[in-house]
Amino acid sequence: MRSKGVLHTDTEILVPFFDVDTMNVVWHGHYVKYLEVARCALLDKIGHNYDAMVASGYAWPVIDLQLRYVRGAVFGQKLNVRASLVEWENRLKINYLISDLATGERLTRAVSVQVAVDMSSREMQLASPKVFTDAVERVLQ
């Protein structure tokens, strides 16, 4: 069973014309962009977004990304993209659910995993930096 996470945020996306193919369906690669928008909203909610990550001396590259497409989104459709924080102590793992905003119908599920990399040494960290885990803990209180 997929974890619902300890913290989540919902982001509304209106599918633009330039994201669809000739069948009026969102091209599969654009879903990654929708996930990124939701991930940024979640990091803002935590109070430790990408600017704060860089300022703290760490980059957080995506090392794993999985998507499962159930039904294609179409031009003009309003989507809800839920990003849920699942893990943060050793890596940043986020579960996503993309659904139709009006009906709640599930369209896509996804998971992303990121790890902290010390920007000065380029070494991957085996645990998330304290500055990040402290930010998460503050929001969870």
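Here the structure is a predicted model, which means the values were calculated and not measured. (Residues numbered from 1 in each chain as written. Predicted model: local features only at pLDDT ≥ 70, side-chain atom pairs only at ≥ 80, totals over all residues. Heavy atoms only, no water.)

Describing the sheet that holds strand 5 (residues 92-100)
In step 1: Taking strand neighbours across the sheet as the criterion, the 5 strands line up as 1-4-5-6-3 in an open arrangement whose pairing is antiparallel. Looking at strand neighbours, the two that pair on one side only are strand 1 (7-14) and strand 3 (62-69), the edges of this open sheet. Taking the axes of each pair of neighbouring strands and ignoring which way they run, one obtains an average angle of 20° across the sheet.
In step 2: Of the pairings in the sheet, the one linking strand 5 to strand 6 (residues 106-114) comprises 8 bridges and is antiparallel in character. Directly across from Ile98, in strand 6, lies its bridge partner Thr108.
In step 3: Contacts between helix 1 (residues 30-46) and the sheet are confined to strand 1, strand 3, strand 4 (78-87), strand 5 and strand 6, with strand 1 contributing the most and set at about 135° to the helix. (Pairing = 2+ DSSP bridges. Helix = DSSP H or I, 4+ residues; strand = E, 2+ residues; numbered from the N terminus. Axes fitted to C-alpha atoms, helices over the stretch in contact; angles between N-to-C directions. Contact = heavy atoms within 4.5 Å.)

A short note on the packing of aromatic side chains
In step 1: All told, the structure shown has 4 aromatic pairs when counted by the stated rule.
In step 2: Measuring from centroid to centroid gives 5.6 Å for Phe17 and Phe75, while their planes differ by 85°, and the two rings are edge-to-face. Of the two residues, Phe17 is situated in the loop between strand 1 and helix 1 and Phe75 in the loop between strand 3 and strand 4; the sequence distance between them amounts to 58 residues.
In step 3: When its relative accessible area of 43% is taken as the criterion, Phe75 is described as partly exposed.
In step 4: Ring centres of Tyr31 and Tyr34 lie 5.9 Å apart, and the angle between their planes is 70°; on these two criteria the pair is classed as edge-to-face. Separated by 3 residues within a single helix, Tyr31 and Tyr34 lie in helix 1, roughly one turn from each other. By the burial criterion, Tyr31 is buried, and Tyr34 matches it.
In step 5: Members of the aromatic cluster, connected to one another through ring pairs, are Tyr31, Tyr34 and Tyr69. (Phe/Tyr/Trp six-rings, centres within 6.5 Å; stacked < 30°, edge-to-face > 60°. Buried < 20%, exposed > 50% of the residue type's maximum accessible area, 1.4 Å probe, protein only.)

In short, geometric facts, not functional conclusions.
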